[in-house]
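The primary structure of each chain is shown beneath.
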Amino acid sequence: IGDEDNDGVDDSVDNCYLYNPDQTDCNGNGVGDVCDIADGTSADWNDNNIPDECECLADINTDGIVNVNDLLILIGNWDSSGIGDINLDGIVDVSDLLYVVGNWGACP
């Protein structure tokens, strides 16, 4: 019995080797979100420690679906910062466009 990451969860039932006291596993893969992000299994473009597949970052207008309305917002803000800059690199560009297209459809 031990707790190597000092998160208060016994290693025998801990879902992550990193500090993860709440044991959050939003994608249900049996691995803590903190480890999914650290290991590169999950992306976290907005650096909020929630795997992107558990959010709907491409749903720019937050209506629950990634569709043409989100695409139009993104295109309308092309080459600027702010709305549509999904990866938070400071500019709405092809990376953001590809993310929207790649996540087309209903949000998780």
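Residues numbered from 1 in each chain as written. Predicted model: local features only at pLDDT ≥ 70, side-chain atom pairs only at ≥ 80, totals over all residues. Heavy atoms only, no water.

Asks: Hey, could you run me through the overall build of the protein chain in this one?
Replies: Across its full length, the protein chain holds three helices and two strands. Reading the protein chain from its N end, one meets helices and strands in the order α-β-α-α-β. For the C-alpha atoms alone, the extent of the protein chain along its principal axes is close to 55 × 25 × 15 Å. Counting the 108 residues in the protein chain, one finds 34% classified as buried. Contacts spanning at least 24 positions in sequence make up 25% of the contacts within the protein chain whose residues lie at least 6 apart. For the protein chain, the computed accessible surface area is about 6,100 Å², with 55% contributed by carbon and sulfur atoms. (Helix = DSSP H or I, 4+ residues; strand = E, 2+ residues; numbered from the N terminus. Buried < 20%, exposed > 50% of the residue type's maximum accessible area, 1.4 Å probe, protein only. Contact = heavy atoms within 4.5 Å. Areas by Shrake-Rupley, 256 points an atom, 1.4 Å probe, with all protein chains shown as cover.)

Asks: Looking at this model, I keep getting lost on the environment of Ile50. Mind explaining?
Replies: Following the sequence through the fold, Ile50 ends up in the loop between helix 1 (33-38) and strand 1 (65-66). A relative accessible area of 34% means that Ile50 is categorised as partly exposed. As a C-alpha pair, Ile50 and Leu88 span 38 residues in sequence and 15 Å in three-dimensional space. Dropping the residues within four chain positions of it, Ile50 is found in contact with Ile37, Ala43, Asp44 and Glu55.

Asks: Is there a simple way to explain the state of the cysteines in this structure?
Replies: By definition, a disulfide is the covalent link that joins the sulfur atoms of two cysteine residues. Under the counting rule described, the total for this entry stands at three disulfides. Disulfide partner of Cys16: Cys35, at an S-S distance of 1.9 Å. Classification of the bridge connecting Cys16 and Cys35 rests on its S-S torsion, roughly 90 degrees, and on that basis the disulfide is right-handed. On the criterion of sequence distance, the pair formed by Cys16 in the segment before helix 1 and Cys35 in helix 1 is long-range, its members being 19 residues apart. Exposure remark for Cys16: the relative accessible area of 6% places this residue in the buried category. At a sulfur-sulfur separation of 1.8 Å, the disulfide partner of Cys26 is Cys54. Given an S-S torsion of about 85 degrees, the disulfide between Cys26 and Cys54 has right-handed geometry. Of this pair, Cys26 sits in the segment before helix 1 while Cys54 sits in the loop between helix 1 and strand 1, and the two are 28 residues apart along the sequence. The partly exposed category is assigned to Cys26, whose relative accessible area is 36%. (Disulfide = S-S within 2.5 Å.)

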